[in-house]
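Letter by letter, the chains look like this.
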Amino acid sequence: MKDSSFLKNKNKRINFLFFKFLSKTKIKISVEDNGPGIAPEYHEKIFEIFQAIHDRNISDSTGIGLSIVKKIIEENGGKIWVESFPGKGTTFKFTFPTVQKPANLLPDVTRAANL
């Protein structure tokens, strides 16, 4: 059975992970591979629950992973999208708010120095 999992990497795909700070409060993360790619007509469908683009006899995909990822990202103020064409690999990109500690949670260096 064919396994297309990013983490298991049995197909010897090359995977890249990129981070870019868009501002002090937002980061963009890109996950890229050199796999078979995804046709544009499936770019929205892959984020719907139980919607796999491959026949279940060919792939272990259940069609729930990307829908969960999308839900988590959007519930935390981010956005996810895919850039891909057949034969050209796939890049998943998402934005996510950065976490900033409130000032009252930062260590009090002055008090710590006087111990």
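Residues numbered from 1 in each chain as written. Predicted model: local features only at pLDDT ≥ 70, side-chain atom pairs only at ≥ 80, totals over all residues. Heavy atoms only, no water.

What follows covers the overall build of the chain. Regarding its fold elements, the chain presents two helices and four strands. When the helices and strands of the chain are listed from N to C terminus, the series reads β-β-α-β-β-α. Every one of the 115 residues in the chain was classed for burial, and the buried ones make up 24%. Accessible surface for the chain amounts to roughly 8,700 Å². Of this, 58% is attributable to carbon and sulfur atoms. (Helix = DSSP H or I, 4+ residues; strand = E, 2+ residues; numbered from the N terminus. Buried < 20%, exposed > 50% of the residue type's maximum accessible area, 1.4 Å probe, protein only. Areas by Shrake-Rupley, 256 points an atom, 1.4 Å probe, with all protein chains shown as cover.)

When you line up the elements, Asn-34 lands in the loop between β2 (26-33) and α1 (65-75). Distance from Asn-34 to Asn-15, taken between C-alpha atoms, is 7.0 Å for residues 19 residues apart in sequence.

Turning to the pairing of strand β4 (residues 90-97), a few remarks are in order. Where β2 meets β4, eight bridges bridge the pair, whose relative direction is antiparallel. Counterpart to Lys-26 in the pairing with β4 is Pro-97. Here strand β3 (residues 79-84) pairs with β4 via six bridges, running antiparallel. In the sheet register, Lys-79 faces β4, and the bridge partner there is Thr-95. Where β3 folds back onto β4 in an antiparallel hairpin, the turn is made up of five residues, including Gly-87, whose phi is positive at roughly 80°. (Pairing = 2+ DSSP bridges.)

Residues of the chain with pLDDT of at least 70 account for 65%, and the chain-wide mean is 77. Across the chain, element-level confidence peaks in β3 with a mean pLDDT of 96 and bottoms out in helix α2 (residues 109-113) with 45. Ignoring residues within four places in sequence, the model shows residues 1-9, a span with pLDDT below 50, making 16 contacts including any to other chains. Considering only residues more than four positions removed or in separate chains, one finds that residues 109-115, a stretch of pLDDT under 50, has zero contacts. (pLDDT = per-residue confidence, 0-100. Contact = heavy atoms within 4.5 Å.)

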